[in-house]
Amino acid sequence: MNLYEQHPYWLMKNGIVASYPSLDKDLNVDVAIMGAGISAALTAWHLRNSGLSVAVFDRRHVGMGSTAASTAFLQYEIDTPLTELRNFVGEKKAVRSYGLCREAIYKIGDICKSLKPAFDFHLRPSLQYASFSTHRSKLQEEYVLRRRHGFKVNWLEKEDINEAFGFEAPGAIFSEDGGQVDAYLLTHTLLKDFQAKGHHVYNNTHIRHIDHTGHGVTLCTDDKLKIKAKKLVIACGYESLQYVPKKIATIQSTYALVSEPLPDKYFWHRNSLIWETATPYMYFRAVSENRILVGGRDDSFHHPHIPPSIISKKSLQLKNAFLKKMPHIPLKPDFGWAGAFATTKDGLPYIGVIPERPNTYFALGFGGNGITFSVIAAEIIHDMIMGKRNGNAGLFEFNR
């Protein structure tokens, strides 16, 4: 599966941060992790001091799957609004899911502070605005529900939005809790710290077949090498779906651009993350080097390739949509790309086990909250492997 096309900004900006060898002999470990993106890196990092031998394997290079194309829009708001999510899972579980995502943003910040040297991470407020006047009442209902459950939100009227952000919208929710991070570089930093604890990372190691037994798993590579593990974690993003016997997600293509650098005067209130209520939604935020990222314009998944002409067309659409909202900002696209994007029935991730694959754990953080979901998955899977009870596991299990 091609998980991105063209030139993701963070991959171009950072290049190949570190190289890891491919597997060249049979291996025995306590835990094998398939995938080397942000989900796998967080899971590996949480297991680094477990006393278990852990190894990470990826068919590509570290971070060069969906993570390279991530826009790292760290928000606790799940793609399914709280007012709708409660209809799927009940209000208590819906609120807890939102709360876990909010906590995950600050946990990412704590992780970044703990790394040596401290990793670049920024807290940012977020603004979700009503795309149309017909969306205003539903967004207000969302605001009331969130505020009732203790989320730090304020309601902004049309005049408030115009004054603070320089564009017009019928109404908006302003939230204090949000953040941004370079997911590609963070993945490398986490795995560097993981490797320093005596564990191993392997690039260019394609798992061709998996044998499950009651005592463990055996992974067979393209080179006919065998990896025997007591436990397996499957954290290879959208490609993980091939290991689940039922359909749990729909894959789409999504698009993003990053602008040329701009003077400070063109940026808005506290460099907030900004997104809308329309589906699919457009979103934008400030990124490093005084650039602006704009994303959205999702469509059906393109397989096997998205032609450059489509990416150029989508970049132009994103540019025009942004300029319609912010005509005073002279945004010029500098990088443009497409990535795979998956949605689930309720907007929540799938984390945990299925009976068809014993001794195997899945970390499937689909949707716009992929990174915060990955933090939650890493904690739950760590506890499962270590034989500890995790009270949040039931929220994201496969049979919910």
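None of these values were measured; they are calculated from a predicted model.

Caption draft 1: Representation of the pattern of salt bridges in the model. Applying the stated rule across the entire model yields 22 salt bridges. Glu142 is the partner of Arg146 in a salt bridge, and the nearest nitrogen-oxygen pair spans 3.3 Å. In this pair, Arg146 and Glu142 both sit in helix α6 (residues 136–148), 4 residues apart, roughly one turn of the helix. The pair formed by Arg146 and Glu142 is uniform in burial state, with each residue classed as buried. Here Lys158 ties to Glu168 by a salt bridge, and the two come within 4.0 Å at their closest N and O atoms. Highlighted residues: Lys158 in helix α7 (residues 158–165) and Glu168 in the loop between α7 and β8 (172–175), separated in sequence by 10 residues. Take Lys158: its relative accessible area is 40%, and that puts it in the partly exposed class. On the basis of relative accessibility, which here comes to 49%, the residue Glu168 falls in the partly exposed class. Members of the salt-bridge network, linked through shared partners, are Arg86, Glu91, Glu141 and Arg148.

Caption draft 2: Layout of the packing of helix α2 (residues 38–46) against helix α10 (residues 370–385). Closest axis-to-axis distance for the α2/α10 pair is 8 Å, and the angle between their directions is 35 degrees. Viewed along their axes, α2 and α10 form a crossing whose handedness is right-handed. Residues Ile38, Ser39, Leu42, Thr43 and His46 of α2 form the contact with α10, whose participating residues are Ile371, Ser374, Val375, Ala378, Glu379, Ile381 and His382. When its residues are assigned to classes, the contact of α2 with α10 shows 6 nonpolar, 5 polar and 1 charged.

Caption draft 3: The environment of Asn390, seen in detail. Mapped onto the elements of the fold, Asn390 is located in the segment after α10. A relative accessible area of 16% places Asn390 in the buried class. Along the chain, Asn390 and Cys236 lie 154 residues apart, while their C-alpha atoms are 23 Å from each other. Setting aside anything within four residues of it in sequence, one finds Asn390 in contact with Glu379, Ile380 and Asp383. Of note is the side chain of Asn390, whose polar atom sits 2.9 Å from the side chain of Asp383. Reaching out from Asn390, the side chain makes a polar contact with the backbone nitrogen of Asn392 at a distance of 2.9 Å.

Caption draft 4: Seen up close, the packing of aromatic side chains. Taken as a whole, this structure holds 20 aromatic pairs when the rule is applied. Look at Tyr76 and Tyr98: their rings are 6.1 Å apart centre to centre, the planes differ by 75 degrees, and that puts the pair in the edge-to-face class. With Tyr76 in the loop between β4 (73–75) and α4 (82–89) and Tyr98 in helix α5 (residues 91–114), this pair connects stretches of sequence that are 22 residues apart. Judged by its relative accessible area of 0%, Tyr76 is buried.

Caption draft 5: The arrangement of the nonpolar core in detail. Counting 66 residues, the largest nonpolar core has Ile33, Leu186, Leu190 and Leu191 as the members making the most contacts within it. Dropping the residues within four chain positions of it, Leu190 is found in contact with Ile38, Ala41, Leu42, Trp45, Ile111 and Leu115.

Procedures and definitions
- Residues numbered from 1 in each chain as written.
- Predicted model: local features only at pLDDT ≥ 70, side-chain atom pairs only at ≥ 80, totals over all residues.
- Heavy atoms only, no water.
- Salt bridge = Lys/Arg side-chain N within 4 Å of Asp/Glu carboxyl O.
- Helix = DSSP H or I, 4+ residues; strand = E, 2+ residues; numbered from the N terminus.
- Buried < 20%, exposed > 50% of the residue type's maximum accessible area, 1.4 Å probe, protein only.
- Axes fitted to C-alpha atoms, helices over the stretch in contact; angles between N-to-C directions.
- Left-handed = near helix turned anticlockwise from the far one by under 90°.
- Contact = heavy atoms within 4.5 Å.
- Nonpolar A, V, L, I, M, F, W, Y, C, P; charged D, E, K, R; others polar.
- Polar contact = N/O pair within 3.5 Å; in protein donor to acceptor, adjacent residues only side chain to side chain.
- Phe/Tyr/Trp six-rings, centres within 6.5 Å; stacked < 30°, edge-to-face > 60°.
- Core = buried A, V, L, I, M, F, W, Y, C linked by side-chain atoms within 4.5 Å.

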